[in-house]
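Structural overview
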Amino acid sequence: MPQPHEIKTTVTSSLAGHPYQHDYAPQVTAATVLPDAMTAFGFTTDGTTSYYLFHDGHEVPPEATVGELAGHAEALHLGLRTKTTNG
C-alpha cells in the first residue's frame, strides 16, 4: 500500500524573519509541528510566554493532524502566535 503523500507545511511568525517549512505526513499532529517550528525559529518557553498554532483564524488544538487541517490541499499554512501570562 503506498504511503499517503506528505503535506508541505509552512509556519510563519511575526517575530521570525523567515518561515519554517517542512513536509509532514498527514497523521502528524500539531503537538509535533509546534515544537519543530519553535526550534527552527529559536523560540523557547520561559514560563510566561506560551506558543500556539493558528489556522483560518482559530487556535489549532494539539491533537489536530496536519491532514485534518489541510483537508484536500497539498499544502498547509499555519501561523505561530504567542500568549503571555502574567505571573
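Check the entry above for the structure.
To start, this report covers the structure provided alongside it. None of the values given here were measured: they were computed from a predicted structure. (Residues numbered from 1 in each chain as written. Predicted model: local features only at pLDDT ≥ 70, side-chain atom pairs only at ≥ 80, totals over all residues. Heavy atoms only, no water.)

1. Here's the deal with the overall build of the protein chain
Secondary structure assignment for the protein chain yields two helices and five strands. Scanning the protein chain from its N terminus toward the C terminus, one meets helices and strands in the order β-β-α-β-β-α-β. Since a compact globule built from 87 residues should have a radius of gyration of about 12 Å, the 13 Å found for the protein chain is in line with a globular shape. Projecting the C-alpha coordinates of the protein chain onto the three principal axes gives extents of approximately 50 × 25 × 20 Å. The proportion of buried residues among the 87 residues of the protein chain is 40%. Pairs at least 24 residues apart make up 59% of the contacts formed inside the protein chain by residues separated by at least 6 positions. Here the protein chain displays about 5500 Å² of accessible surface, and carbon together with sulfur accounts for 52% of that area. (Helix = DSSP H or I, 4+ residues; strand = E, 2+ residues; numbered from the N terminus. Rg over C-alpha atoms; globule rule 2.2 N^0.38 Å. Buried < 20%, exposed > 50% of the residue type's maximum accessible area, 1.4 Å probe, protein only. Contact = heavy atoms within 4.5 Å. Areas by Shrake-Rupley, 256 points an atom, 1.4 Å probe, with all protein chains shown as cover.)

2. Thoughts on unusual backbone geometry
With a phi close to 50°, Asp56 is a non-glycine residue in the positive phi region. Among the structural elements, Asp56 can be located in the loop between β3 (49-55) and β4 (58-59).

3. Remarks on the pairing of β3
In the case of a regular strand, side chains alternate between the two sheet surfaces. In terms of residue burial, β3 counts as a mostly covered element, since six of its seven residues are buried. For β3 and strand β5 (residues 75-84), the ladder comprises six bridges, and the chain directions are antiparallel. Its bridge partner lying in β5, Thr49 is registered against Thr84. Here β3 folds back onto β4, and the loop between the two strands holds two residues, one of which, Asp56, carries a positive phi near 50°. (Pairing = 2+ DSSP bridges.)

4. Description of the pattern of salt bridges
Inspection of every chain in the model, using the stated rule, returns one salt bridge. Lys83 is the salt-bridge partner of Glu59, the closest N and O atoms lying 3.4 Å from each other. With Glu59 in strand β4 and Lys83 in strand β5, the pair connects residues that are 24 residues apart, well separated along the chain. You can call Glu59 partly exposed: its relative accessible area is 43%. (Salt bridge = Lys/Arg side-chain N within 4 Å of Asp/Glu carboxyl O.)

5. A word on the nonpolar core
Counting residues in each nonpolar core, the largest one holds 24 residues, and the members touching the most others are Val11, Val33, Phe41, Leu53, Leu78 and Leu80. Breaking this core down by element, the ones donating at least two residues are β1 (7-12), β2 (20-24), α1 (30-41), β3, α2 (66-70) and β5. With six residues, the single largest contributor to this core is α1. When sequence neighbours within four positions are dropped, the list of residues in contact with Leu80 reads Val11, Thr12, Ser13, Leu34, Met38, Phe41, Phe43, Tyr51, Tyr52 and Leu53. (Core = buried A, V, L, I, M, F, W, Y, C linked by side-chain atoms within 4.5 Å.)

6. Some thoughts on α1
Taking 1.5 Å of rise per residue, the twelve residues of α1 would be expected to cover 16 Å, and the 16 Å separating its terminal C-alpha atoms lies within 8% of that figure. When α1 is considered as a whole, its buried residues turn out to be Ala30, Val33, Leu34, Ala37, Met38 and Phe41. Take α1 and look down its axis: the buried residues cluster within an arc of 130°, on one side only. Next to the buried residues of α1 lie β1, β2, β3, α2 and β5. Phi turns positive, to about 80°, at Gly42, one or two residues after α1. (Expected span 1.5 Å × (residues − 1). Arc of directions from axis to C-beta.)

Everything listed is a geometric property; what it means functionally is a separate question.
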